[in-house]
Amino acid sequence: MKKSKKELRKLMKSARYKLEVLEPTNLQKGKFRPSFVLLDGYLDLFDTIEALINVCILATQGEPYSPPHVKQPGEDIRKTLELVTQLLPFEEGEFLDEVYRLLNKEKS
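Computed from a prediction, not measured in an experiment: that's the story for all the values here.

The rules we used
- Residues numbered from 1 in each chain as written.
- Predicted model: local features only at pLDDT ≥ 70, side-chain atom pairs only at ≥ 80, totals over all residues.
- Heavy atoms only, no water.
- Helix = DSSP H or I, 4+ residues; strand = E, 2+ residues; numbered from the N terminus.
- Rg over C-alpha atoms; globule rule 2.2 N^0.38 Å.
- Buried < 20%, exposed > 50% of the residue type's maximum accessible area, 1.4 Å probe, protein only.
- Contact = heavy atoms within 4.5 Å.
- Areas by Shrake-Rupley, 256 points an atom, 1.4 Å probe, with all protein chains shown as cover.
- Lys, Arg positive; Asp, Glu negative; His and termini not counted.
- Charge placed at Lys NZ, Arg CZ, Asp CG, Glu CD.
- Expected span 1.5 Å × (residues − 1).
- Arc of directions from axis to C-beta.
- Core = buried A, V, L, I, M, F, W, Y, C linked by side-chain atoms within 4.5 Å.
- Salt bridge = Lys/Arg side-chain N within 4 Å of Asp/Glu carboxyl O.
- Patch = residues over 30% accessible without salt bridge, like charges linked within 9 Å, V, L, I, M, F, W, Y side chains within 5 Å.

K.L.:
Just to check I follow, could you spell out the overall build of the chain for this structure?
P.N.:
The number of helices and strands found in the chain is 4 helices and 2 strands. What you see for the chain is a C-alpha radius of gyration of 20 Å, clearly larger than the 13 Å of a compact globule of 108 residues, by over 25%. The 108 residues of the chain split such that 22% are buried. Looking at the chain alone, contacts between residues at least 24 apart form 52% of all its contacts between residues at least 6 apart. A total accessible area of about 9,000 Å² is found for the chain, and carbon and sulfur atoms account for 62% of it. The positive charge centre, built from 18 side chains, and the negative charge centre, built from 17, are 16 Å apart in the chain.

K.L.:
Looking at this structure, how should I read helix α1 (residues 2–18)?
P.N.:
An ideal rise of 1.5 Å per residue puts 24 Å on 17 residues; α1 measures up with 24 Å between its terminal C-alpha atoms. Residues Glu 7, Leu 11, Ser 14 and Ala 15 constitute the buried set of α1. Take α1 and look down its axis: the buried residues cluster within an arc of 105°, on one side only. The exposed set on the far side of α1, more than 90 degrees from its buried face, consists of Lys 2, Lys 5, Lys 6, Arg 9, Lys 13, Arg 16 and Tyr 17.

K.L.:
Would you explain the nonpolar core in this entry?
P.N.:
Note on soluble globular proteins: their nonpolar side chains tend to be buried together. Listed in full, the 5 residues of the largest apolar core are Leu 11, Ala 15, Phe 95, Val 99 and Leu 102. Listed by contribution, the elements that provide at least two residues to this core are α1 and α4 (90–107). At 3 residues, the largest contribution of residues to this core is made by α4.

K.L.:
Sorry if this is basic, but what is going on with the pattern of salt bridges here?
P.N.:
One pass over the structure, following the stated rule, counts 4 salt bridges. Between Glu 23 and Arg 33 there is a salt bridge whose closest N-O contact spans 3.5 Å. Of this pair, Glu 23 sits in strand β1 (residues 22–24) while Arg 33 sits in strand β2 (residues 32–34), and the two are 10 residues apart along the sequence. Its relative accessible area of 32% is what places Glu 23 among the partly exposed residues. On the basis of relative accessible area, Arg 33 is assigned to the partly exposed category, the value being 39%. The partner of Arg 78 in a salt bridge is Glu 82, and the shortest N-O contact between them spans 2.2 Å. With a gap of 4 residues between them, Arg 78 and Glu 82 both fall in helix α3 (residues 73–87), about one helical turn apart.

K.L.:
What is the right way to read the side chain of Glu 98 from this model?
P.N.:
Along the chain, Glu 98 falls in helix α4. For the buried Glu 98, no salt bridge exists, and the shortest N-O distance to an oppositely charged side chain is 5.0 Å, to Lys 10. Apart from residues lying up to four places away in sequence, Glu 98 is in contact with Lys 10 and Ser 14.

K.L.:
Just to check I follow, could you spell out a nonpolar patch on the surface for this structure?
P.N.:
Nonpolar side chains collect at one region of the surface, where Leu 39, Tyr 42, Leu 43, Leu 45, Phe 46, Ile 49 and Ile 53 lie side by side and expose about 720 Å² of accessible area between them. Relative to the helices and strands, Phe 46 is located in helix α2 (residues 42–60).

And the structure:
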């Protein structure tokens, strides 16, 4: 039992440093928001949303087509890929690997 408590403390300490991609929101109970998406302001947010929409428009066109309102398709794709890269929760993955190892250790 003493070993289990030690392992639990170790896990809780690790969680403090690894579970950082999502944070609870004060707006709705049980909901989370990304804590790491850094924007330069509202205009940057709007540009990013527009880029996401434009990339979706480009993706639904079966051929190399760019609607007239999509001024910089390459820039929109770049912004979209940058956002997706930020969404990858590597720290949480490391934490889950550690949890998995600890759980398998307990079974042994």
